[in-house]
Amino acid sequence: MNKERDTTFRYFIFQKYKNRPSSIFWDSLAGGTFLAYLLGDENTCFDDDFVNLNFAIGLSHFLSLGIGSIAEYSREVAVFDNEISVVEKYLGYALFALQHLIKLAQFPMVITLGYFIFRFMKETIEGTLFHERDLYETCLNGTEKDECNYCQRSTVTMAEITFVIQTLFGVLILLAWFTGWYGDLSDDDMERRQQKEWQDKELREKGTWKGNIKEFFLTIGMRPLFESNIAGAMLSVSLALPDTSCNLRLVRWFMAGGCMNIINAMLSDVHQRIVEMAGADGIINHFEHNVLTSINFCNFPLFLAEFTIIIYISYLYLNTFEVVEFDDTSDSHYCKEEVWKLTQLIFFFYTAVFIIRILVLLGSLMSGTSIEEEEEGGNKEASSSRENMIQDEVQDGDVQQESEDNEAKGDLDDGMIV
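Criteria and cut-off values
- Residues numbered from 1 in each chain as written.
- Predicted model: local features only at pLDDT ≥ 70, side-chain atom pairs only at ≥ 80, totals over all residues.
- Heavy atoms only, no water.
- Helix = DSSP H or I, 4+ residues; strand = E, 2+ residues; numbered from the N terminus.
- Buried < 20%, exposed > 50% of the residue type's maximum accessible area, 1.4 Å probe, protein only.
- Contact = heavy atoms within 4.5 Å.
- Areas by Shrake-Rupley, 256 points an atom, 1.4 Å probe, with all protein chains shown as cover.
- Core = buried A, V, L, I, M, F, W, Y, C linked by side-chain atoms within 4.5 Å.
- Salt bridge = Lys/Arg side-chain N within 4 Å of Asp/Glu carboxyl O.
- Axes fitted to C-alpha atoms, helices over the stretch in contact; angles between N-to-C directions.
- Parallel < 35°, antiparallel > 145°, perpendicular 65-115°, else oblique.
- Left-handed = near helix turned anticlockwise from the far one by under 90°.
- Nonpolar A, V, L, I, M, F, W, Y, C, P; charged D, E, K, R; others polar.
- Disulfide = S-S within 2.5 Å.
- Phe/Tyr/Trp six-rings, centres within 6.5 Å; stacked < 30°, edge-to-face > 60°.

1. Some details on the overall build of the protein chain
Looking only at helices and strands, the protein chain has 13 helices and four strands in total. Among the 418 residues that make up the protein chain, the fraction classed as buried is 43%. Partitioning the contacts of the protein chain with sequence separation of at least 6, the portion at a separation of at least 24 is 79%. Here the protein chain has roughly 23000 Å² of accessible surface; of this, 59% comes from carbon and sulfur atoms.

Set out below in structure tokens:
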């Protein structure tokens, strides 16, 4: 079996990296660290270097976004005029290089963030760093310890989440690049045979108990449970307010919900990258198909985690909505009114979402008639099988990948911005 490839893996990843000069940080994570910096003061965290690092992460991300927006505007103007001036050409080179320099500076930020996290963990274990104000004050009033430091828990937790998710995302990007390189064999005929084999196999499994179970797991996790805007609000509230703003511990569950939404978006991004790379030749072979299916299966445990978060928040709401206290902070049922309103929104919104998704899931497991759609004056059967959905994504990715490659080539040749 011929497995020769047109390029080396090193050259392949260099091309992929070069054509994406944008920030390595996720919007929600960079915004979260920047928000933690803005909401903090001299009493929020004892380590100024750690606080300044949060500021640098957010600032670098927003600068990269701004430069990318200017570069996009320059491209649109050049296309509108159908010509490119010397100023536009060299401005494009400068913006492209500047965005890459910012991106290179962001990698040490992730490593430094990891250093602070492990150092804080060590100091917490040693009993010299506290995340609760009352324990910190007790330490200051005592005489048994020489060092007492404080750093707000939500700030440290946000840094931990940022480090873990960004590191995981980097590993998944390398996996996506390896999949795109390793799966792109020079023998297209063999790849077409492999694609036909897995399509025929899934067609034979359709309607069987094995096929139904597989479809159940893939369907239930096809879309994230958390809506991105609500998840963003949950994450923002968890950063803006300390744990003491609600004695029901809802703030921590809000942060968990926001993080689950980011992980879902991360997997979706990796999946789309692999589809686009597979679309370079319009074929998905065995290896690429297995990787894509594995990523799709990862959505199911994420769905269970989201489901658990929503069920627990709903349980707290139903258990305490008659006795919730908005004024007495010492009451065990105390919760800030803003946090409680968001809890109400989550409960009622996701109750409706659950009902609709259950109906959709039951409908997908029932037998039915094929969907017909009119095309060019006649009726044409529209297949809803998962393999054709993937193939449609490949075709879309083929166009997008070809456009990106041509654009990158044209940018380098004509002086346009990549």
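That covers the picture; the talk isn't over yet.
2. Describing the nonpolar core
In this structure, Met234, Leu250, Phe254, Val270, Ile274 and Ile346 are the most contacted members of the largest nonpolar core, which totals 62 residues. The set of elements that each furnish at least two residues to this core consists of α6 (153-183), α9 (228-240), α10 (250-278), α11 (286-320) and α12 (337-365). Excluding residues within four positions of it along the chain, Ile274 makes contact with Ala176, Thr179, Val291, Leu292 and Ile295. One finds Ile57, Met109, Phe116 and Phe120 within the second-largest nonpolar core, a separate group that totals 19 residues.

3. Points about the pattern of salt bridges
This model, assessed by the stated rule, comprises nine salt bridges. For the salt bridge of Glu132 with Arg153, the shortest nitrogen-to-oxygen distance reads 2.5 Å. Placement of the pair is Glu132 in the loop between β1 (129-130) and α5 (133-141) and Arg153 in helix α6, with a sequence separation of 21 residues. Residue Arg153 is classed as partly exposed on the basis of its relative accessible area, which comes to 28%. Ionic pairing is found between Lys196 and Asp200, a salt bridge with its closest N-O pair at 2.9 Å. You can see Lys196 and its partner Asp200 sitting in helix α7 (residues 188-205), four residues apart, about one turn around the helix. Residue classification places Asp200 among the partly exposed residues on the basis of a relative accessible area of 28%. In this structure, a network of salt bridges that share partners links the residues Asp47, Arg119 and Glu123.

4. Looking at the packing of helix α4 (residues 86-126) against α6
Where α4 contacts α6, the two axes come as close as 9 Å, and the packing angle between them is 130°. By the angle class used here, α4 and α6 are oblique. Where α4 crosses over α6, the handedness of that crossing is left-handed. Contacts between α4 and α6 pair Val110, Leu113, Gly114, Ile117, Phe118 and Phe120 from the former with Val156, Ala159, Glu160, Thr162, Phe163, Gln166 and Thr167 from the latter. Tallied by class, the residues present in the contact of α4 with α6 amount to eight nonpolar, four polar and one charged.

5. Quick notes on the state of the cysteines
A complete count under the given rule lists three disulfides for this structure. Disulfide pairing places Cys139 opposite Cys148 at an S-S distance of 1.8 Å. Taking the torsion about the sulfur-sulfur bond, which here is approximately -70°, the covalent link between Cys139 and Cys148 counts as left-handed. Residue Cys139 shares its accessibility class with Cys148, and that shared class is buried. Bridging Cys246 to Cys335, the disulfide has an S-S length of 2.2 Å. Given an S-S torsion of about -105°, the disulfide between Cys246 and Cys335 has left-handed geometry. With Cys246 in the loop between α9 and α10 and Cys335 in the loop between α11 and α12, the pair connects residues that are 89 residues apart, well separated along the chain. Judged by its relative accessible area of 0%, Cys246 is buried. Residue Cys335 is classed as buried on the basis of its relative accessible area of 0%. With its bonded cysteines labelled in order along the sequence, the protein chain shows the pairing 1-4, 2-3, 5-6.

6. Quick notes on the packing of aromatic side chains
Under the defined criterion, the tally for this structure stands at 32 aromatic pairs. Summarising the aromatic geometry, the rings of Phe50 and Phe120 are spaced 5.0 Å apart at their centres and angled 75° between planes, so their arrangement reads as edge-to-face. Of the two residues, Phe50 is situated in helix α3 (residues 48-81) and Phe120 in helix α4; the sequence distance between them amounts to 70 residues. Each member of the pair, Phe50 as well as Phe120, is classed as buried.

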